[in-house]
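# Examination of the molecular architecture
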Amino acid sequence: MSTLIEKYIQHNNFGALLGMDFKIISEGEINYFITITKDHLATPSSAHGGVISALVDAALGVCALSAVYKENKVVSTVEYKINFLSPALLNDELVAHAKVLQKGKRILITECTIMCNNREQKLIAKAMGTFNAYDANKAGY
């Protein structure tokens, strides 16, 4: 039987389209990865902010999911706030590190830091999000 995490990977077509992948460090802590390609650019050298936003939403969401999937729950984004601190450039190898700050019965608060591995850990963005946990059956799992 597949876990909810495996089912999420199987159905996450948007993440695959962007070339994103993740690794769960522990329940409530993950790393999400993307390398900026020409398909992600908004200018000749800089990634579109939507790519960074998508990475943040994915990282915050999978972080929250990793904390509740054993309860047969999935999560949906209630809100998140992002601060763009530096542009992501062509060929940047980005790592979004996310952690759960607080887990309630239904609401989870998460945080995320995006760093660039191949530019001396350059800080690209910081974010914080709120997620709603609910029964996976309601999401079709």
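Up top is the structure.
These lines cover the structure that appears in this document, whether it is placed above or below. Predicted, not measured: the structure shown is a model, and the values here were computed from it. (Residues numbered from 1 in each chain as written. Predicted model: local features only at pLDDT ≥ 70, side-chain atom pairs only at ≥ 80, totals over all residues. Heavy atoms only, no water.)

## Comments concerning the environment of Pro44
Formally: Runs of E in the DSSP output that reach at least two residues are strands. Runs of H or I that reach at least four are helices, and both are numbered from the N terminus. Buried, partly exposed and exposed residues are distinguished by accessible area as a fraction of the type maximum, computed with a 1.4 Å probe on protein chains only: under 20%, between the cut-offs, and over 50%, respectively.
With respect to the helices, strands and loops of the structure, Pro44 is situated in the loop between β2 (29-35) and α3 (49-68). Taking the relative accessible area as the measure of exposure, Pro44 reaches 78% and is therefore exposed.

## What about the pairing of β2?
What counts, and what does not: Pairing between two strands is assigned when DSSP locates at least 2 bridges connecting them.
Bridge count for strand β1 (residues 21-26) against β2 is five bridges, and the pairing is antiparallel. Paired with Ser26 across the two strands is Glu29, which belongs to β2. Remark: two residues form the turn of the hairpin made by β1 and β2, two consecutive strands paired antiparallel; Gly28 in that turn has positive phi of roughly 90°. Relative to strand β4 (residues 93-103), β2 runs antiparallel, the two being bridged by seven bridges.

## Quick word on the packing of aromatic side chains
Stated precisely, the cut-off is as follows: Two aromatic rings, drawn from Phe, Tyr or Trp (for Trp, its six-membered ring), form a pair once their centres lie within 6.5 Å of each other, and the interplanar angle then sorts them: stacked below 30 degrees, edge-to-face above 60, tilted otherwise.
Within the structure shown, the criterion is met by two aromatic pairs. Here Tyr8 and Phe22 contribute two aromatic rings whose centre-to-centre distance is 6.1 Å and whose plane-to-plane angle is 55°, an arrangement assigned as tilted. On the criterion of sequence distance, the pair formed by Tyr8 in helix α1 (residues 4-11) and Phe22 in strand β1 is long-range, its members being 14 residues apart. Given a relative accessible area of 15%, Phe22 falls into the buried group.

## Some words on the layout of surface pockets
Applied cut-off: The pocket and cavity definitions rest on a 1 Å grid over protein atoms only: a 1.4 Å probe that fits but cannot leave marks a cavity, an open set with protein on both sides within 12 Å along at least five of seven lines marks a pocket, and residues lining either have an atom within 4 Å of a point. Grid points are joined across faces, edges and corners, and a volume is the space filled by probe spheres set on the points. Each residue is assigned to one class: nonpolar for Ala, Val, Leu, Ile, Met, Phe, Trp, Tyr, Cys and Pro, charged for Asp, Glu, Lys and Arg, and polar for all the others, Gly among them.
Approximately 310 Å³ is the volume attributed to the largest pocket. Lining the largest pocket are 20 residues; nearest its centre among them are Tyr8, Gly61, Val62, Leu65 and Val75. Secondary structure elements with two or more residues in the lining of the largest pocket: α1, α2 (13-18), α3, β3 (73-84) and β6 (122-135). Ranked by residue count, the leading element in the lining of the largest pocket is α3, at six residues. In terms of residue class, the lining of the largest pocket is built from 14 nonpolar, five polar and one charged.

## Examining the pattern of salt bridges
Note the threshold: By definition, a salt bridge exists where a carboxyl oxygen of Asp or Glu is found within 4 Å of a side-chain nitrogen of Lys or Arg.
Under the criterion given, the structure shown has five salt bridges. Counted as one network, the salt bridges with shared partners bring together Glu71, Lys73 and Lys103.

## Looking at the sheet that holds β2
Sheet strands associate in pairs through backbone hydrogen bonding, adopting either a parallel or an antiparallel arrangement. Rule in force here: Between N-to-C directions, angles cover 0 to 180 degrees, with each direction set by a line fitted to C-alpha atoms, over the stretch in contact for helices. Contact criterion: two residues are considered in contact whenever any of their non-hydrogen atoms come within 4.5 Å of each other.
Taking strand neighbours across the sheet as the criterion, the six strands line up as β1-β2-β4-β5-β6-β3 in an open arrangement whose pairing is antiparallel. The sheet is open, and its two borders are formed by β1 and β3, each paired with just one other strand. In this sheet, adjacent strand axes meet at a mean angle of 25° when their direction is disregarded. In this fold α1 packs onto β1, β2 and β3, with an angle of close to 165° to the strand it touches most, β1. The strands touched by α3 within the sheet are β1, β2, β3, β4, β5 (107-116) and β6, with β3 carrying the most contacts at an inclination of about 140°.

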